[in-house]
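Take a look at the letters that make up each chain.
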Amino acid sequence: MISRRGRICYISIMVTQKTILAGLALATVLAVPTLASAQSCSPARGQSGTFDYYVLSLSWSPAFCASPAGARASEQCGLTAPRRGFVVHGLWPQYQAGSAAQQEARGLWPQCCRGAAFDPAAVPPSLDGVMIGEELRRHEWSKHGTCATPRPAPYFASIASAVEKVGLARDVPPNAGRIRISDLKSHFPVPAAALFPTCQGKALKEVRICLDRSLNPLPCPPETRRDDNCPGTVTLK
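Reading guide: rules and limits
- Residues numbered from 1 in each chain as written.
- Predicted model: local features only at pLDDT ≥ 70, side-chain atom pairs only at ≥ 80, totals over all residues.
- Heavy atoms only, no water.
- Helix = DSSP H or I, 4+ residues; strand = E, 2+ residues; numbered from the N terminus.
- Buried < 20%, exposed > 50% of the residue type's maximum accessible area, 1.4 Å probe, protein only.
- Contact = heavy atoms within 4.5 Å.
- Areas by Shrake-Rupley, 256 points an atom, 1.4 Å probe, with all protein chains shown as cover.
- Expected span 1.5 Å × (residues − 1).
- Core = buried A, V, L, I, M, F, W, Y, C linked by side-chain atoms within 4.5 Å.
- Salt bridge = Lys/Arg side-chain N within 4 Å of Asp/Glu carboxyl O.
- Bend = angle between axes of the 7 residues up to and from the residue.
- Phe/Tyr/Trp six-rings, centres within 6.5 Å; stacked < 30°, edge-to-face > 60°.
- Lys NZ or Arg CZ within 6 Å of the ring centre and 35° of its normal.
- Polar contact = N/O pair within 3.5 Å; in protein donor to acceptor, adjacent residues only side chain to side chain.

So, the overall build of the chain
Turning to step 1, where the next piece is worked out: Across its full length, the chain carries nine helices and six strands.
Turning to step 2, where the next piece is worked out: The proportion of buried residues among the 237 residues of the chain is 42%.
Turning to step 3, where the next piece is worked out: Sequence-distant contacts in the chain: of pairs separated by 6 or more residues, those separated by 24 or more amount to 75%.
Turning to step 4, where the next piece is worked out: Of the roughly 12900 Å² of accessible surface on the chain, 57% is carried by carbon and sulfur atoms.

Below is the structure:
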């Protein structure tokens, strides 16, 4: 028969063991988001650093702000936010159709690759007011940036470099009304074949610019230009 003192010691040991196990379980749970936060999107496809070229996607901010998503983006579209023209949506690694990487991944672009967790400090100050909002930055890193590089700082540095090279067509005012696509392309210092717009109806939604891995413009492949759905003249909301 176990004495009263023995029972107390036994209970104390069991409580200590449970406390240790609970602490280990909590530490494991807390560690998982750090390791897998870049894997929160799906489906995962491709390997980090394995791609052929980029697409730099620039949103026409007035069109975004007129959308349901824009109504929730107060930093970009709120009453006190400045009225902007083009802003960065993202920099997207792409596969060349028929390449070995594309055939292996069975898709036209990689996404949701393995990489480090998003770090707000990795975004250079030059992207303030250009790629707006931590939610957008976090999403773009998780879905696209991880497939360019496993660390966020080089990805956001590449975005800043791409913007420095091609600009944001600041001379196209947000209230420009209507513009011919040929005129719109002339506001960017890239060959016309390296750029195409996307629209919602007749309203301009985005401009997308194809860049090689060194961020130099290159003609957009046919599989990428399939998203060009704009008429010859578009409305700038």
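Resuming the write-up.
Structural notes on helix α7 (residues 152–166)
Turning to step 1, where the next piece is worked out: The terminal C-alpha atoms of α7, which comprises 15 residues, lie 22 Å apart, in line with the 21 Å expected from a rise of 1.5 Å per residue.
Turning to step 2, where the next piece is worked out: Within α7, the full set of buried residues consists of P152, Y155, F156, S158, I159, A160, A162, V163 and V166.
Turning to step 3, where the next piece is worked out: Lining the buried residues of α7 we find β1 (53–60), β2 (86–94), α6 (134–148) and β5 (203–211).
Turning to step 4, where the next piece is worked out: Positive backbone phi, approximately 75 degrees, marks G167, located one or two places after α7.

Topic: the nonpolar core
Turning to step 1, where the next piece is worked out: Ranked by size, the top nonpolar core spans 42 residues in total, and within it F86, F156, I159, L184, F188, I209 and L211 carry the most contacts.
Turning to step 2, where the next piece is worked out: Put simply, the parts of the chain that give this core at least two residues each are β1, β2, α6, α7, α8 (181–185), β4 (195–200), β5 and β6 (233–236).
Turning to step 3, where the next piece is worked out: Of the residues forming this core, the biggest block, seven residues, is contributed by α7.
Turning to step 4, where the next piece is worked out: In this structure, L211 is in contact with Y53, Y54, L56, L91, A162, V166, N216, P217 and L218, ignoring residues within four places of it in sequence.
Turning to step 5, where the next piece is worked out: In this structure, Y53, V55, C210 and C220 belong to the second largest nonpolar core, which totals six residues.

Things to note about the pattern of salt bridges
Turning to step 1, where the next piece is worked out: Counting across every chain of the model gives six salt bridges.
Turning to step 2, where the next piece is worked out: With a shortest N-O distance of 3.1 Å, R180 and D183 are connected by a salt bridge.
Turning to step 3, where the next piece is worked out: The closest approach of N and O atoms between R208 and E206, which form a salt bridge, is 3.0 Å.
Turning to step 4, where the next piece is worked out: Within this structure, E206, R208 and D227 form a network of salt bridges that share partners.

Observations regarding α6
Turning to step 1, where the next piece is worked out: Of all the bends in α6, the greatest, near 50 degrees, is centred on S142.
Turning to step 2, where the next piece is worked out: What α6 keeps buried is the set R137, E140, W141, S142, H144, G145, T146, C147 and A148.

What to know about the packing of aromatic side chains
Turning to step 1, where the next piece is worked out: Under the defined criterion, the tally for this structure stands at six aromatic pairs.
Turning to step 2, where the next piece is worked out: Ring geometry for F86 versus F188: centroids 5.5 Å apart, planes at 65 degrees, classification edge-to-face. Here the residue F86 occupies a position in strand β2, and F188 occupies one in the loop between α8 and β4, the gap between them amounting to 102 residues.
Turning to step 3, where the next piece is worked out: Centroid distance W141 to Y155: 6.0 Å. Interplanar angle 50 degrees. Geometry classified as tilted. In this pair, W141 is assigned in helix α6 and Y155 in helix α7, connecting sequence segments 14 residues apart.
Turning to step 4, where the next piece is worked out: On the accessibility criterion, Y155 (1% relative accessible area) is buried.
Turning to step 5, where the next piece is worked out: Put simply, the rings of F118, W141, Y155 and F156 pair up and form one aromatic cluster.
Turning to step 6, where the next piece is worked out: The positively charged end of R213 is found above the aromatic ring belonging to F51, 4.1 Å away from the centroid.

Focus: the side chain of S61
Turning to step 1, where the next piece is worked out: Within the secondary structure layout, S61 lies in helix α2 (residues 61–65).
Turning to step 2, where the next piece is worked out: According to the relative accessible area criterion, S61 is buried, its value standing at 2%.
Turning to step 3, where the next piece is worked out: Setting aside residues no more than four positions away along its own chain, S61 makes contact with Q76, R84, G85 and V87.

Considerations on the environment of Y53
Turning to step 1, where the next piece is worked out: Tracing the sequence through the fold places Y53 in strand β1.
Turning to step 2, where the next piece is worked out: Between the C-alpha atom of Y53 and that of Y95, which follows or precedes it by 42 residues, the distance is 6.7 Å.
Turning to step 3, where the next piece is worked out: Look past the residues within four positions of Y53 in its chain and what remains in contact with it is W92, P93, Q94, Y95, Q96, C210, L211, D212, L218, P221, E223 and T224.
Turning to step 4, where the next piece is worked out: Among the polar contacts listed, one links the side chain of Y53 to the side chain of T224, at a separation of 2.4 Å.

A closer look at the side chain of Q102
Turning to step 1, where the next piece is worked out: Inspection of the secondary structure puts Q102 in helix α5 (residues 100–105).
Turning to step 2, where the next piece is worked out: Among residues more than four places away in sequence, those in contact with Q102 are Y95, Q96, A97, G107 and L108.

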